[in-house]
Amino acid sequence: MKSSIRRRSRRAAVAVALGSALALTVTACGDDGSSSGGGKGSEGSGKGEITFWDNNGGVRTDIWKQIIADFEKKYPDIKVNYVGIPAASAQSKYDTAIQGGGLPDVGGVGTAMLAEVAAQGALEPLDGRLQKSSLNGKLSQSLLESSKAAGGGDVLYQIPTSANNGTLWYRTDLFKKAGLDAPTTWSKFYEAADKLTDKGKNAFGFTIRGGKGSIAPALDAMYGQTGITSFWNGDKTTVNDPKNVAALAKYVALYKKDTPSADVNNDFTKMVAQWDSGTIGMLSHNLGSYQDHLKALGKDKFRGLPNPTLDDGTRVQVSNPVDGLSLFKAGKNKTAAWKFIEFASSAEENSKFNESAGQVPANTEAAKASWIQQAEPTKLAADALNGGSTKIVQLPYYLPDWNTISKAGNEANFQKVLLGKMTAKQFLDTMADQLNKAQADWKKNH
């Protein structure tokens, strides 16, 4: 594992060095450095053409074209060239452009890739621009903090546009029939999981994610139960804190006792379909499955709440990926590109975007829009994120090997925990060792 992490760090270092070399080359030729990640670019005239890369092309193309049309109507002297990039290839597309040239003026950069792009010298720091902007004070503080943390430190490289949020979906009809309170606390959650289970009738209180994508919801449940609010204690992770070990052990003990046995292999698609078509009481998933539930069950048979609180009302949750817009350092018209970021992040446009995406707006005024008031799960998620009382455990998206550690590297081990072939402590100690080595390597190279 250690050698893998170091190889990735070396690759990032090579990319930075290559970007610097390219910048020196083109500058020597009289260019402004716009063809490399490390180029200084230019503020430009604030007019003319800019290029925008959409990091979720296809899925979000229509809504971005609406926003661009609105922008060009307000700023007729600026033309936005739209380039839609499929989400799966966005990271590699940016990496290639940083090394070989052709970066956009502005682009969508999610927190999962933010640190790696920033580490290669490609992004413009945005703290100063935001302070002087009409957006100042109008963006969710928790999302701004997540953006900074994902960038690897205290510098803002991304203006957040939207976020998802962990949601506990529950069947109101089944809860009412069983005389249960809404699962607003972890105590009520476990009570409901037991009471709603009747294996003879193929009824279960909960469906747990055991297949692909299982680690993030497990961490969310774990930190939510313990109230531990930081992922790090100094240079060591809190993942294997004894309280977290006990919380995870309690959570996975639900498997096969209060959940279907098929859960060990279920990714979110199978899990959501199973919940929508069966007699399962609760499902932990994000806001993205709202429309699926609505079509399958109708609006009167389910609700979606932010993840449960402790008995004293304290809510702790892990950070969700935050999508946002970044300004590229090599851009030739940063003034016009920044105008586009400001416009797209304004209340009206940010509301329009997130209504289409089904996510929580970063603009706090947009979060008050009428469509959110009518979509209770989204409204409650926005309230939880923006209300100030929710404590966010910032996951280390900035680590080069975070995606490996939190996905393919440990999903098989999580299945072993569900099947009783590995203890919660062994699982979390293994992950902690990987994380501590990755953190030490990252600090050494940064």
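Residues numbered from 1 in each chain as written. Predicted model: local features only at pLDDT ≥ 70, side-chain atom pairs only at ≥ 80, totals over all residues. Heavy atoms only, no water.

Looking at the overall build of the protein
Step number 1: Scanning the protein from terminus to terminus reveals 19 helices and 14 strands.
Step number 2: Whereas a compact globule of 446 residues would reach a radius of gyration of roughly 22 Å, the protein reaches 23 Å, a difference of no more than 12%.
Step number 3: Across its three principal axes, the protein shows a C-alpha extent of roughly 75 × 50 × 35 Å.
Step number 4: The buried share among the 446 residues of the protein stands at 54%.
Step number 5: Put simply, of all contacts in the protein between residues at least 6 apart along the chain, 76% involve residues at least 24 apart.
Step number 6: Taken as a whole, the protein presents about 18800 Å² of accessible surface, with 50% of it coming from carbon and sulfur.
Step number 7: Taken together, the 53 basic and 45 acidic charged side chains of the protein have centroids lying 4 Å from each other. (Helix = DSSP H or I, 4+ residues; strand = E, 2+ residues; numbered from the N terminus. Rg over C-alpha atoms; globule rule 2.2 N^0.38 Å. Buried < 20%, exposed > 50% of the residue type's maximum accessible area, 1.4 Å probe, protein only. Contact = heavy atoms within 4.5 Å. Areas by Shrake-Rupley, 256 points an atom, 1.4 Å probe, with all protein chains shown as cover. Lys, Arg positive; Asp, Glu negative; His and termini not counted. Charge placed at Lys NZ, Arg CZ, Asp CG, Glu CD.)

Structural notes on the pairing of strand β1 (residues 48–54)
Step number 1: Inspection of the sheet shows β1 paired to strand β2 (residues 78–84) by seven bridges, in the parallel sense. Across the sheet, W53 pairs through a bridge with V83, a residue of β2.
Step number 2: In this fold, β1 hands off to helix α2 (residues 61–74), which returns the chain to β2; that crossover is right-handed.
Step number 3: Of the pairings in the sheet, the one linking β1 to strand β3 (residues 106–108) comprises two bridges and is parallel in character. Bridge pairing in β3 places W53 opposite G107. (Pairing = 2+ DSSP bridges. Right-handed = clockwise from strand over helix to strand, strands pointing away.)

A look at the nonpolar core
Step number 1: Counting 71 residues, the largest nonpolar core has Y223, F231, L248, M282, F427 and L435 as its most contacted members.
Step number 2: Top contributing element to this core by residue count: helix α19 (residues 424–445), with seven residues.
Step number 3: Excluding residues within four positions of it along the chain, L435 makes contact with F231, W232, T237, V239, P396, L399, W402 and I405.
Step number 4: Formed by 29 residues, the second largest nonpolar core is a distinct cluster that contains L135, L139, L156 and F353. (Core = buried A, V, L, I, M, F, W, Y, C linked by side-chain atoms within 4.5 Å.)

Some details on the packing of helix α18 (residues 408–418) against α19
Step number 1: α19 packs onto α18 with a crossing angle of 165 degrees between their chain directions and a minimal axis gap of 9 Å. In this view, α18 runs roughly antiparallel relative to α19, as classed from their interaxial angle. The handedness of the crossing between α18 and α19 is left-handed. Taken together, the residues of α19 that come into contact with α18 (itself represented by N410, N413, F414 and V417) are A424, F427, T430, M431 and Q434. (Axes fitted to C-alpha atoms, helices over the stretch in contact; angles between N-to-C directions. Parallel < 35°, antiparallel > 145°, perpendicular 65-115°, else oblique. Left-handed = near helix turned anticlockwise from the far one by under 90°.)

A closer look at the confidence of the model for the protein
Step number 1: Per-residue confidence for the protein averages 90 on the pLDDT scale, and 91% of its residues sit at or above 70.
Step number 2: For residues 1–36, every residue scores under 50 in pLDDT, and the model assigns this stretch 52 contacts once sequence neighbours within four places are set aside. (pLDDT = per-residue confidence, 0-100.)

Side note on the sheet that holds strand β9 (residues 280–286)
Step number 1: Pairing is mixed across the open sheet formed by four strands, whose spatial order is β6-β9-β5-β10. Looking at the sheet topology across the chains shown, the edges are occupied by β6 (204–207) and β10 (302–306). Pairs of neighbouring strands in the sheet enclose a mean axial angle of 20 degrees, with direction left out of account.
Step number 2: Note that strand β5 (residues 166–171) and β10 share five bridges and pair antiparallel. Bridge pairing in β10 places Y170 opposite R303.

Some thoughts on the sheet that holds β3
Step number 1: The sheet built from six strands is open, its strands ordered β2-β1-β3-β12-β4-β13 with mixed pairing. Every other strand in the sheet has two partners, leaving β2 and β13 (360–361) as the edge strands with one partner each.

Quick word on the pattern of salt bridges
Oppositely charged side chains may form a pair once their charged atoms are brought near each other.
Step number 1: Applying the stated criterion across every chain yields a total of 15 salt bridges.
Step number 2: When the shortest N-O distance is used, the salt bridge between E376 and R303 registers 2.7 Å. Of this pair, E376 sits in helix α16 (residues 376–386) while R303 sits in strand β10; the two residues are 73 residues apart in sequence, bridging distant segments of the chain.
Step number 3: On the basis of relative accessible area, R303 is assigned to the partly exposed category, the value being 27%.
Step number 4: Here E365 ties to K368 by a salt bridge, and the two come within 3.4 Å at their closest N and O atoms. (Salt bridge = Lys/Arg side-chain N within 4 Å of Asp/Glu carboxyl O.)

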